[in-house]
Amino acid sequence: MLAFATIAWTSLPYLVGYTRSSPELHFSGSFIYPQDGNSYLAKMRQGAQGAWLIHLPYTSEAHAPAPVLMLYPLLGKLAVFTGLSFEATYQLARLAGGLALLAALGLFLRAFVPHRAWWHLAFALIVVSGGLGWLLSALFPKYIPLELLAPHLYIFAMLYSPPHMSLGVAVLLLMFVGLRGLMEALTPGPSPVAAGEGGSGRVSFPFPQRGRGVAGEHSVRGEGWVVGLLGVALAFIRPETVPIFWGVLTIYLIALVGARQVAPLRSAIRRLLPAAIGLPVLAAVYATVMRNPAFRAWMAQNPFPAPSPLDLALGLAPLLPFGLLALRGRRWWRGPGLFVTVWALTTPVLAYLPFGSQSRLLSGIVIPWGILASEGWLRVIRPALRRGWRRWATMLWVGVAALSAIWFILMAAVYVSTRPADLFYPPAAREMAAWLTAHAPDRPVLSAWQTGNLLAAQGAVRVFLGHPIETLDYAAKATDVQHFFQATTTAEERRSLLRRYGIGYVAYGPWERKLGAFDPVNAPELRRVFALGEYALYKVVSP
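Residues numbered from 1 in each chain as written. Predicted model: local features only at pLDDT ≥ 70, side-chain atom pairs only at ≥ 80, totals over all residues. Heavy atoms only, no water.

**A word on the environment of P293**
Moving on, step 1. With respect to the helices and strands, P293 occurs in helix α15 (residues 293-300).
Moving on, step 2. Residue P293 is classed as exposed on the basis of its relative accessible area of 56%.
Moving on, step 3. Sequence separation between P293 and A64 is 229 residues; the distance between their C-alpha atoms is 8.8 Å. (Helix = DSSP H or I, 4+ residues; strand = E, 2+ residues; numbered from the N terminus. Buried < 20%, exposed > 50% of the residue type's maximum accessible area, 1.4 Å probe, protein only.)

As structure tokens, this is what we get:
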């Protein structure tokens, strides 16, 4: 019930957007980073046209395609098969990804959190928990909390984010679940439960243990292959999540070896080897992308630095104190409990190493800290409270952790209800995209980046400028476009720019008017070929 309620709540801004749509203004289908939402629709369009690999839809330079974000070409083919629109397919994929994430979270908790009361508290806490950055954001509007900068840290935020985020973490959790059986094979002897831990009034939560012997050996081998196949899928869905799995597993094995809790090394390697079949696939994907100059430049424009330690602590503030209390228990430093500890403590450290996509190594970090915090609460805080206060205090704590989710969704719904120009567009923009698709799909279109961002999502349009990340050499091109639409720019300077970039058409609408007072209707080198509402399209006839 909580899972469906959370998905419904996080979908509220989308429901408001579609409710506020009208014949004059259509909701774009995104309320957070709409430029990325349009980019995913453009990639779906490529898939619908037959592609499996993608081109960067927001750069006019010719380049080879690459195996990046391959979920979206697949969704485009699904849209063609079902007859649904790209937007409807995208939203259904988001909902399905959210359900898959919550189901995978439930399986993960059943593997690592056996006690029923602990399981329910951990699930609720992990699903709804955010940070306290929203308080600073309310007091200082220029402060951007992690829930907006890095939604992949939080379960509730991933439920309203693009589907590759939720599906990526869902697959990661399933890989960890498959690894659970391997852990017992690698740690001979009974699962560790510290005798007498906690004392009077405290509950002992042993970790579950699977059967061993010949049947267990076959089960472990099968789980290794399942983990490996999931790793192959993850390499295509969200490859930057794969290092989380191998980073946590590697440090976990090192810790087991140091504590002499691991089976013979040769046996451990033999059992883990099938799980590694995804690594060659990941290496091939990475090598293909890095050999592609366009995508290499795209990655250089897309740094994902880790948040500052203070921001990260603030983003996990409702969980950190109680999680640290739990780490005093011996269960978290041996066996399966050690695995949760490694995930909680080492991925923040790995995220600050000097290489790209640092922040993505924190994907789902709320999960291990939610497990630790819920155990710390049940073992230390709850027994110290008066019996009549325990339930209410627990509900209050979960409620405080959920304030971030409540605040962000409400603020997003209010913002969407105002029908801002970056989230809503008139039918004329879609009609212009349709005209370009029919008459000039291969000629670059010069426009403000917001217009180009929409055109490539609504049609097979080759845009010159359209996305701060996916437009190669974005800063220089944005400067050129702004210069083009300024009234002080000479006609020869405009013609030179059109020739240099091989521009075929110039779009003119509300966003272009904000760049300058130039009116293309009076330019002899431009001829108007489309006009509807506030939008017009001019063909370059003599650059």
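And the narrative resumes.
**Overview of unusual backbone geometry**
Moving on, step 1. Although it is not a glycine, Y33 sits at a positive phi angle of roughly 50 degrees.
Moving on, step 2. Take Y33: it is sitting in the loop between β1 (26-27) and α3 (34-48).
Moving on, step 3. For D473, which is not a glycine, the phi torsion comes out positive at approximately 55 degrees.
Moving on, step 4. Within the secondary structure, D473 is located in the loop between α22 (449-458) and α23 (474-484).

**Structural notes on the side chain of N292**
Moving on, step 1. Along the chain, N292 falls in the loop between α14 (278-290) and α15.
Moving on, step 2. Those residues within four positions of N292 in sequence are excluded, and the remaining contacts are A64, P65 and A66. (Contact = heavy atoms within 4.5 Å.)

**A few points about empty space enclosed by the protein**
To find the voids left in a structure, one rolls a probe of water-molecule size over its atoms.
Moving on, step 1. Applying the stated criterion to the full structure yields one cavity of 30 Å³ or more.
Moving on, step 2. Around the largest cavity sit Y18, S28, G29, S30, G37, L41, E87, Y90 and Q91, which together line it.
Moving on, step 3. Elements with a minimum of two residues in the lining of the largest cavity: α3 and α5 (86-112).
Moving on, step 4. Tallying contributions element by element places α5 first for the lining of the largest cavity, with three residues.
Moving on, step 5. Along the lines of polarity and charge, the residues of the lining of the largest cavity split into three nonpolar, five polar and one charged. (1 Å grid on protein atoms, 1.4 Å probe; cavity = no way out; pocket = protein on both sides within 12 Å on 5 of 7 lines; lining within 4 Å. Points joined across faces, edges and corners; volume = space filled by probe spheres on them. Nonpolar A, V, L, I, M, F, W, Y, C, P; charged D, E, K, R; others polar.)

**Remarks on the pattern of salt bridges**
Moving on, step 1. If you walk through the whole model with that rule in mind, you get nine salt bridges.
Moving on, step 2. Its salt-bridge partner being E61, residue K477 comes within 2.7 Å of it at the nearest N-O pair. Separated by 416 residues along the polypeptide, K477 in helix α23 and E61 in the loop between α3 and α4 (71-82) bring together distant segments of the chain.
Moving on, step 3. Exposure remark for K477: the relative accessible area of 1% places this residue in the buried category.
Moving on, step 4. Since its relative accessible area comes to 33%, E61 is described here as partly exposed.
Moving on, step 5. Of the charged contacts in the structure, one is a salt bridge between E375 and R379, with a shortest N-O distance of 2.6 Å. Of the two residues, E375 and R379 are both situated in helix α19 (residues 366-384); the distance of four residues between them amounts to about one turn of the helix.
Moving on, step 6. For E375, a relative accessible area of 1% puts it in the buried group. (Salt bridge = Lys/Arg side-chain N within 4 Å of Asp/Glu carboxyl O.)

**Focus: the pairing of strand β5 (residues 526-532)**
Moving on, step 1. Alignment of β5 against strand β6 (residues 535-540), held across six bridges, turns out to be antiparallel. Within β6, the position partnered with F530 by the bridge is L537.
Moving on, step 2. Connecting the antiparallel pair β5 and β6 is a turn made up of two residues, with G533 showing a positive phi of about 60 degrees. (Pairing = 2+ DSSP bridges.)

**Description of the pairing of strand β4 (residues 505-508)**
Moving on, step 1. Side chains of β4 alternate between two faces, with Y505 and A507 and V506 and Y508 buried alike.
Moving on, step 2. Both strand β3 (residues 445-446) and β4 contribute to a ladder of two bridges, which runs parallel. Residue V445 lies in a different strand from β4, and its bridge partner there is Y505.
Moving on, step 3. Looking at chain direction, β4 and β6 are connected through four bridges and run antiparallel. The residue bridging A507 from the neighbouring strand is L537, located in β6.

**Considering the sheet that holds β6**
Moving on, step 1. Spatially, β3-β4-β6-β5 is the arrangement adopted by the four strands of the open sheet, whose pairing is mixed. Since the sheet does not close on itself, it has two edges, and those belong to β3 and β5, each with one partner.

**Digging into the environment of F322**
Moving on, step 1. Tracing the sequence through the fold places F322 in helix α17 (residues 320-326).
Moving on, step 2. A C-alpha to C-alpha distance of 51 Å links F322 and G459, two positions 137 residues apart in sequence.
Moving on, step 3. Apart from the residues lying within four places of it in its own chain, the contact partners of F322 are L372, A373, G376, W377, I381 and W397.

**Here's the deal with a nonpolar patch on the surface**
Moving on, step 1. Among the surface-exposed residues, W9, L396, V400, L403, I406, L410, M411 and V414 lie close enough to one another that they form a single nonpolar patch of about 670 Å² accessible area.
Moving on, step 2. No other element matches helix α20 (residues 390-417), which puts seven residues into the nonpolar patch.
Moving on, step 3. Topologically, L396 is positioned in helix α20. (Patch = residues over 30% accessible without salt bridge, like charges linked within 9 Å, V, L, I, M, F, W, Y side chains within 5 Å. Areas by Shrake-Rupley, 256 points an atom, 1.4 Å probe, with all protein chains shown as cover.)

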